[in-house]
Amino acid sequence: MQVDVIIEQRFYRCVLGQYWTENMFPNAFWQRYLQVFNRVNIVARVANVDIPETSWHRVDGERVGFIELPSYIGPTGFIKVLPKLIKVLHARKRITRCVIFRIPSILAAIYQCFAMRRGERFGAEVVGDPADVFAKGASKSSLRLLFRSLFSAILKRQCQQAISIAYVTEHRLQQRYPPNRTALSTHYSSIQLTDADYQQRNGYPTSDALHIVCVGNLAQPYKGCDFMLQGIAELKKIGLNISLTWVGGGALLPSMQMLAKKLAISAHVSFEGNVSSRKNIHQILDNADLFVLSSRQEGLPRVLIEAMARSLVCVATDVGGVDELLASGYIFDSDDINGLVQKVTMISNMTANERLTVSRRNYVVSENYHDLQLQVRRENMYRAVLKASQC
């Protein structure tokens, strides 16, 4: 049976009719669903472009296609395309298929209202928390508080209604958005790590300079790049010899470059933009001394797991399931400049052996997220959706 997967992500279609993504959810991601279903229909916003950027990744392929929804940005754009969006979704009512929501997602809520019959069953993959998405500092919307309350309530209801559900965290999201007692409930990350993504360090040399790396899309402010730059400025003030490489592009990149200049740290910060090659990402991580997750909201941060798989010492803000990955001594509150300074200073004062001990611990934890382990849980979740849909 085919499956509709509803996802809050914008994709692109070129003039050749091919579908592309800037970085996330390439074709390889969707292969996991094909282990159980015979076709995947990606229900998502699609914008038209003439030609894809050279760094983009192809999404569609054999048994992987799209149910195109009109592209929009922001609440005003959503209202403008809503009639067309409803028309597209209403047509799905007549189609025999399974349904999986990747939530939180306004599209999933709309799909449930207009594309599903009363009582129709669905599965859910819970990948984030709207309470964090619309937290102060993570969102600049004037409707932030309304959205936070509304989308949190919708997510709680959907988690109760799902007949099979998976969370990206082992405990944290489940406590806030509990599943139905009769549902199959499991947990797995959306990450896809193979043997090639793992590298255990045999040594952790130290030097006078501490090189920090951050990875985060700059389409929205919740990745905390502004906070990280302010932290670098404070660290420079107390005399630490540090540099920062930020991997990730987006609309906020020019303003972040201007902020670095304003803070007089441009000489110590390198903005790499989007890096599509896994080999190049590995090289950047392997050349770093410390990985910092500066986010204001996350589900279970995949970039943190990727850094841990390269045996990097890591510190992170206390968001999503970070406390399931790192020991408490390496976690600080989001937007806490003093907390960031304290953690980075702690790492800079560590001996080579102390850093190596931490890096080995991170590597061992990351092994729990190898794709071979996660795929078993995914397939059990998908089979539960398939079985319920056939009843």
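Described in the following lines is the structure provided in the data block.

Calculation criteria
- Residues numbered from 1 in each chain as written.
- Predicted model: local features only at pLDDT ≥ 70, side-chain atom pairs only at ≥ 80, totals over all residues.
- Heavy atoms only, no water.
- Axes fitted to C-alpha atoms, helices over the stretch in contact; angles between N-to-C directions.
- Helix = DSSP H or I, 4+ residues; strand = E, 2+ residues; numbered from the N terminus.
- Parallel < 35°, antiparallel > 145°, perpendicular 65-115°, else oblique.
- Left-handed = near helix turned anticlockwise from the far one by under 90°.
- Contact = heavy atoms within 4.5 Å.
- Nonpolar A, V, L, I, M, F, W, Y, C, P; charged D, E, K, R; others polar.
- Disulfide = S-S within 2.5 Å.
- Buried < 20%, exposed > 50% of the residue type's maximum accessible area, 1.4 Å probe, protein only.
- Salt bridge = Lys/Arg side-chain N within 4 Å of Asp/Glu carboxyl O.
- Pairing = 2+ DSSP bridges.

### A word on the packing of helix α2 (residues 74-90) against helix α3 (residues 106-114)
Following both chains from N to C, one finds α2 and α3 inclined at 50°, their axes separated by 10 Å at the closest point. As summarised for this structure, α2 and α3 are arranged oblique, according to the angle between their axes. Between α2 and α3 lies a crossing whose hand is right-handed. Between α2, through Phe78, Leu85, Ile86, Leu89 and His90, and α3, the contact on the second element is made entirely by Ile106, Leu107, Ile110, Tyr111 and Phe114. Residues that form the contact of α2 with α3 fall into these classes: 9 nonpolar, 1 polar and no charged.

### Some points on the state of the cysteines
Tallied over the full model, the rule gives 0 disulfides. Of all cysteine sulfurs, the one in Cys225 lies closest to Cys214, which takes part in no disulfide; the gap is 7.5 Å. The class for Cys214 is buried, based on a relative accessible area of 1%.

### What to know about the pattern of salt bridges
Considering all chains together, one arrives at 20 salt bridges under this definition. Put simply, Arg117 and Glu120 hold a salt bridge, and the shortest N to O gap is 3.9 Å. Residue Arg117 is classed as partly exposed on the basis of its relative accessible area of 46%. With its nearest N and O atoms 3.7 Å apart, the salt bridge here joins Arg172 to Asp323. Placement of the pair is Arg172 in helix α6 (residues 172-176) and Asp323 in the loop between β14 (313-317) and β15 (331-332), with a sequence separation of 151 residues. For Arg172, a relative accessible area of 28% translates into the label partly exposed.

### Digging into the sheet that holds β14
Within a sheet, adjacent strands bond to each other through the backbone by hydrogen bonds, running parallel or antiparallel. On the basis of which strands lie adjacent, the open sheet formed by 6 strands has the order β12-β11-β10-β13-β14-β15 and parallel pairing. The open sheet terminates on both sides in strands that have one partner only, identified here as β12 (269-273) and β15. Where helix α9 (residues 278-286) meets the sheet, its contacts fall on β10 (210-215), β11 (242-247) and β13 (290-293), and the angle it forms with β11 comes to roughly 160°.

### Observations concerning the environment of Val49
Here Val49 lies in the loop between β3 (39-48) and β4 (57-58). Taking the C-alpha atoms as reference points, Val49 and Tyr19, 30 residues apart in sequence, are found 9.8 Å from one another. Not counting the four nearest positions on each side in its chain, Val49 is found in contact with Tyr12, Arg13, Cys14, Val15 and Trp56.

The analysis is restricted to geometry; functional conclusions fall outside its scope.
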